[in-house]
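Residue strings, one per chain:
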Amino acid sequence: FTRSRGDSDIWYRLNKDKDGYDYLGTHVDDILVVAKRPQIIFEELKAFYTFKDTEAPRYHLGVDYIQKKGADGRIRYHLGSKTYVEEAIRKVKSLLEEAGRKIPYPTKCPMDKDLKPELDTSRFCNAGEHRLYMQLMGIFLWIVRLGRVDLGFPISSLSRFSALPRIGHLEHLEKVFGYLLKFPDKQIPVN
């Protein structure tokens, strides 16, 4: 395997059929194999490493791997973030309660269509509110990274104000949380 130049935790090689690549993704003590015949790769790796188990992935770095049988009988994977999102919801509720803020109502839209956060003139967040804003932003950025592209625009729009957010920006970030409460389980089909 050759280490990827783009990410030092990704390794690749031309597969034995020479019609594609096999990939290894490593993170601390986890490894994810993406290949036509992953079991062969695990057998090769067992000569050097000890594994607890080698099974089809179910959860890795915040991503749920859901197997679904297609109409043609083939197993297809869907990537989701439900497990991480459920954990994030508990964390965000706790953060909002600790800060004395209300839990928003579930909402169907993550951002008002006419919102222009750059025009917000509300007061600047105090130190505690700024810390809360940054904590929420970190959680939401990871959720977007896990494939929740429906949150990509509102989070990228609001992340521009991370250095000096206004209270209106925090309120809009809380509304994004309301959307997450309404739709915690979105998935992306991958094959």
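Below or above, wherever it landed, is the structure these notes cover. (Residues numbered from 1 in each chain as written. Predicted model: local features only at pLDDT ≥ 70, side-chain atom pairs only at ≥ 80, totals over all residues. Heavy atoms only, no water.)

### Description of a nonpolar patch on the surface
Note the following rule: Two distance rules govern patches: like charges are joined within 9 Å, and nonpolar side chains (Val, Leu, Ile, Met, Phe, Trp, Tyr) within 5 Å, applied only to residues with over 30% relative accessible area and no salt bridge. In these tables, accessible area is a Shrake-Rupley quantity obtained with a 1.4 Å probe, and a residue counts as shielded only by the protein chains included in the view. A side-chain nitrogen of Lys or Arg and a carboxyl oxygen of Asp or Glu constitute a salt bridge if their distance falls within 4 Å. Per the convention used, a helix needs a DSSP run of H or I reaching at least four residues, while a strand needs a run of E reaching at least two, with both numbered from the N terminus. Between buried and exposed lies partly exposed: a residue is buried under 20% and exposed over 50% of the maximum accessible area for its type, with that area taken using a 1.4 Å probe on protein chains only.
The grouping of Tyr12, Leu14, Tyr21, Tyr23 and Val34 at the surface amounts to a nonpolar patch, some 460 Å² of accessible area in total. Elements that contribute at least two residues to the nonpolar patch include exactly strand E2 (10–14) and strand E3 (21–27). Considering the arrangement of structural elements, one finds Val34 in strand E4 (residues 30–34). Taking relative accessible area as the criterion, Val34 reaches 47% and is therefore assigned partly exposed.

### Regarding the pattern of salt bridges
Across all of its chains, the model carries 15 salt bridges by this definition. Across the pair Arg13 and Asp22 runs a salt bridge whose closest N-O atoms are separated by 3.5 Å. Here Arg13 and Asp22 have matching classes, each one buried. Ionic pairing is found between Glu129 and Arg123, a salt bridge with its closest N-O pair at 2.8 Å. Beyond isolated ion pairs, a larger network of salt bridges with shared partners links Arg13, Lys16, Asp22 and Glu44.

### Some details on the sheet that holds E3
Where we set the bar: Two strands pair under a simple rule: DSSP has to find at least two bridges between them.
The antiparallel open sheet is built from 4 strands, whose spatial order is E1-E2-E3-E4. Edge positions in the sheet fall to strand E1 (2–3) and E4, since each has one partner strand and no second. With 5 bridges connecting them, E3 and E4 associate as antiparallel partners. Looking at E4, one finds that Tyr23 is bridged to Val34.

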